[in-house]
Amino acid sequence: MSDPELHMVQLSLDGKGLIALGKMLHLPLDRTDTGYLVHCALGELFGEEAPQPFSIEDGPGDKPQGGRQMRVLGYTAVGEETLQSRAQLDASPKVYSICDWERLAAKPMPQVFPEGMALQYELRSCPVVRKASSGRGKNQNGDTRSWEEGDELDAFLAEAWNRPDEDLSREQVYRDWLRRQFEIRGGAEPQSIGMERFSIERMTRRVSKGGDGKRKAHTIKRPDVTLTGALKVTGSEAFSELLRSGLGRHKSFGYGMLKVQRA
């Protein structure tokens, strides 16, 4: 019997091991987001079958520590046996030991989500937009800001710089951002959206190699927002694909996993 197309997997990753992996990859640990360390660990363990999107369940901003386990949920196309077999074959012994294999668990997700099905959801998101063209705007203090075509901006700041005379609600801007994501992707229609948590987080990732042949670390700041509410399924296949691929950008930092349960 073949594996269902979508599994939710739960893993426990050793904090000390994540730190050691970051050192091995020459990441600046004081500036590196925990989500990116988890992303690197999952990639080293499982390659193309690594769970993504994923969510760190210990709380956004929590840093890995020696002796502490980081609990991670994620969606993947394969079950727990396949995941462990992949890691046994491909991962180094040190990387393999990062995962507590006795705590590895997985469940198959439903293969069909009937149209009209009501679900509750939670989404840790990074609500950003890419500017289609260069421009310049002002904030409420009269300060000017310019951007280039393709620049990525916090969705709220992008609106605030374009509409300095309006008293914008950050939560409302992020609600509108999520509605647009659902409209673009299809498969579901949000019935309610609430902002549970907001912060600005630093993200550090390895980028292309420099002249010395080494990969450089680049740090950016982006919004970290948890949105919750209720939705209605409008298309079974499209909704399954939405779960599988996630919503929004920066999934390698632990954003974009749509966790759902029956309303």
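Scroll up to find the structure this text is about.
Description of the structure in this document. This one's a predicted model, so the numbers in the text were calculated from it and none came from an experiment. In this convention, every chain numbers its residues from 1, walking through the sequence in written order. Side-chain atom pairs in this predicted model are given and counted only at pLDDT of 80 or more, local residue features only at pLDDT of at least 70, and totals for whole chains, interfaces and linings cover all residues. Excluding hydrogens and water, the side-chain values take into account all heavy atoms of the structure.

1. With respect to the packing of aromatic side chains
Okay, so step 1: Under the pairing criterion, centres of Phe, Tyr and Trp rings, with the six-membered ring standing for Trp, must be within 6.5 Å; the plane angle then separates stacked pairs below 30 degrees from edge-to-face pairs above 60, leaving the rest tilted. Here the structure, examined in full by the defined rule, presents six aromatic pairs.
Okay, so step 2: Measuring from centroid to centroid gives 5.0 Å for phenylalanine 113 and phenylalanine 239, while their planes differ by 75°, and the two rings are edge-to-face. Of the two residues, phenylalanine 113 is situated in the loop between strand E4 (105-108) and strand E5 (118-125) and phenylalanine 239 in helix H7 (residues 236-245); the sequence distance between them amounts to 126 residues.
Okay, so step 3: Lysine and arginine charges are scored as sitting over a ring when NZ or CZ, respectively, is within 6 Å of the ring centre and within 35 degrees of the ring normal. Above the ring of tyrosine 255, the side-chain terminus of arginine 124 is found at 4.5 Å from the ring centroid. Helix and strand assignments come from DSSP, with helices taken as H or I runs of at least 4 residues and strands as E runs of at least 2, each series counted from the N terminus.

2. Brief notes about the sheet that holds strand E3 (residues 69-76)
Okay, so step 1: Strands qualify as paired when DSSP identifies two bridges or more between them. Taking strand neighbours across the sheet as the criterion, the four strands line up as E2-E3-E1-E4 in an open arrangement whose pairing is antiparallel. Both edges of this open sheet fall to strand E2 (54-56) and E4, since each of them pairs with a single strand only. The average angle at which neighbouring strand axes cross in this sheet is 20°, direction not considered.
Okay, so step 2: In this fold helix H2 (residues 34-46) packs onto strand E1 (7-14), E2 and E3, with an angle of close to 130° to the strand it touches most, E2. Working convention: axes come from line fits to C-alpha atoms, limited for helices to the stretch in contact. Angles between N-to-C directions cover 0 to 180 degrees. Any pair of residues with heavy atoms lying within 4.5 Å of one another is described as a contacting pair.

3. Looking at the nonpolar core
Okay, so step 1: Residue types Ala, Val, Leu, Ile, Met, Phe, Trp, Tyr and Cys, when buried and joined through side-chain atoms within 4.5 Å, form a set referred to as a nonpolar core. Only protein chains enter the area calculation, which uses a 1.4 Å probe; residues under 20% of their type maximum are buried, those over 50% are exposed, and those in between are partly exposed. Formed by 35 residues in total, the largest nonpolar core has its most connected members in Leu11, Leu13, Val38, Leu42, Leu45 and Phe46.
Okay, so step 2: Elements with a minimum of two residues in this core: E1, helix H1 (15-24), H2, E2, E3 and helix H3 (80-90).
Okay, so step 3: The dominant element in this core, judged by the number of residues it contributes, is H2, at eight residues.
Okay, so step 4: Each residue touching valine 38, except ones within four places of it in the same chain, is listed here: Leu13, Leu18, Phe54, Ile56 and Val72.
Okay, so step 5: Ranked by size, the runner-up nonpolar core spans 32 residues in total, among them Phe182, Leu231, Leu247 and Val260.

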